[in-house]
Amino acid sequence: MPEDTATIESNHKKSIAPKALTLGTILTALLALYLLSQYNFLLVHVAVEIFSVITAFAIFVIAWNTKKIAENPFFLFLGIALLFVATIAFLHTVSYDGLSIFSDTYPGSNLATQLWLATRYMFAFTLLIAPLLVRRTIKPSVIFLSYSVVTGLLLASIFVWQNFPVAYEGGLTPFKVVSEYIISGVILVAAVMLYLNRREFD
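The structure reproduced in this document is the subject of the present report. Here the structure is a predicted model, which means the values were calculated and not measured.

**Focus: the overall build of the chain**
Per the secondary structure count, the chain includes six helices and zero strands. From first element to last, N terminus to C terminus, the chain shows the α and β order α-α-α-α-α-α. For a compact globule of 202 residues, the expected C-alpha radius of gyration is about 17 Å, and the chain comes in at 21 Å, more than 25% above that figure. Along the first, second and third principal axes, the C-alpha set of the chain runs to 75 × 50 × 30 Å. For the chain, with 202 residues in total, the buried portion stands at 31%. Put simply, 75% of the contacts in the chain that link residues at least 6 apart link residues at least 24 apart. When the accessible surface of the chain is summed, it comes to about 13,000 Å², and 69% of that surface belongs to carbon and sulfur atoms. In the chain, 12 side chains carry a positive charge and 11 a negative one; their mean positions are 10 Å apart.

See below:
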């Protein structure tokens, strides 16, 4: 028996309410961040970066704990990768000029900018590789080892060997600017690949 008009309208209102609340919360948070940035940009920067680190770590936890029931290896690969992305992102956050954690050894903004680029390069190429794995079987131990090696090499090139290209020297260097375009291009290609593989996802 079909539902009456009042029931349909009631169900419609119930479905709209959570969406409106979510949108209102997001807009309020964005407004609060903007107003806070006018007072202290460093605080806002750290808050946003820490939120992204926590989000990436949460995705890893979900992907890892659902690996036995997940039918698509895409999410497990992405989750493991984001654990390492979050690690470098956290180092970027605490190395930001103004926090004075690494300032004695690495003065200026170059260290934080290098770590930011390392984070974004790893994230972009992770998104590029992930769609290639939707029909494959992966071994978590191999993914862990691979990302451990890549992360170790990136951090060693920045902190130990110091041969990672300079990203900030009195202003953004050409390497930093070109890297922005490369990273954006890789993410765009990754988005197209994900779209082409959209039928592989529930």
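From this point, things continue past the structure.
**Things to note about the environment of Val160**
Mapped onto the secondary structure, Val160 falls in helix H5 (residues 140–160). Note: C-alpha distance between Val160 and Ser184 (24 residues apart in sequence) is 28 Å.

**A look at the side chain of His92**
Note on placement: His92 falls in helix H3 (residues 73–94). Here His92 falls in the buried class, since its relative accessible area comes to 4%. Within polar-contact distance, the side chain of His92 engages the side chain of Glu49 at 3.4 Å. Leaving out residues up to four positions away in the same chain, His92 has contacts with His45, Glu49, Ala112, Leu115 and Trp116.

**Concerning the packing of aromatic side chains**
Going through the model one piece at a time under the given rule, you end up with 14 aromatic pairs. Among the aromatic side chains, those forming a connected cluster through ring pairs are Phe57, Phe60, Trp64, Phe77, Phe84, Phe144 and Tyr147. The cationic tip of Lys67 hangs over the ring face of Trp64; the distance from NZ or CZ to the ring centre is 4.0 Å. The lysine or arginine in question, Arg198, covers the ring of Tyr195, its NZ or CZ lying 4.1 Å from the ring centre.

**Some remarks on the packing of helix H2 (residues 41–65) against H3**
How two helices pack is summed up by the angle between their axes together with the distance between the axes. One way to put it is that H2 packs onto H3 with a least axis distance of 8 Å and a crossing angle of 155°. As summarised for this structure, H2 and H3 are arranged roughly antiparallel, according to the angle between their axes. You can see that H2 and H3 cross each other, and the crossing is left-handed. In this structure, H2 contributes His45, Val46, Glu49, Ile50, Val53, Ala56, Phe57, Ile59, Phe60, Ala63 and Trp64 to the contact, and H3 contributes Phe75, Leu76, Gly79, Ile80, Leu82, Leu83, Ala86, Ala89, Phe90, His92 and Thr93. Residue composition of the contact of H2 with H3, by class: 17 nonpolar, four polar and one charged.

Rules and cut-offs
Residues numbered from 1 in each chain as written. Predicted model: local features only at pLDDT ≥ 70, side-chain atom pairs only at ≥ 80, totals over all residues. Heavy atoms only, no water. Helix = DSSP H or I, 4+ residues; strand = E, 2+ residues; numbered from the N terminus. Rg over C-alpha atoms; globule rule 2.2 N^0.38 Å. Buried < 20%, exposed > 50% of the residue type's maximum accessible area, 1.4 Å probe, protein only. Contact = heavy atoms within 4.5 Å. Areas by Shrake-Rupley, 256 points an atom, 1.4 Å probe, with all protein chains shown as cover. Lys, Arg positive; Asp, Glu negative; His and termini not counted. Charge placed at Lys NZ, Arg CZ, Asp CG, Glu CD. Polar contact = N/O pair within 3.5 Å; in protein donor to acceptor, adjacent residues only side chain to side chain. Phe/Tyr/Trp six-rings, centres within 6.5 Å; stacked < 30°, edge-to-face > 60°. Lys NZ or Arg CZ within 6 Å of the ring centre and 35° of its normal. Axes fitted to C-alpha atoms, helices over the stretch in contact; angles between N-to-C directions. Parallel < 35°, antiparallel > 145°, perpendicular 65-115°, else oblique. Left-handed = near helix turned anticlockwise from the far one by under 90°. Nonpolar A, V, L, I, M, F, W, Y, C, P; charged D, E, K, R; others polar.

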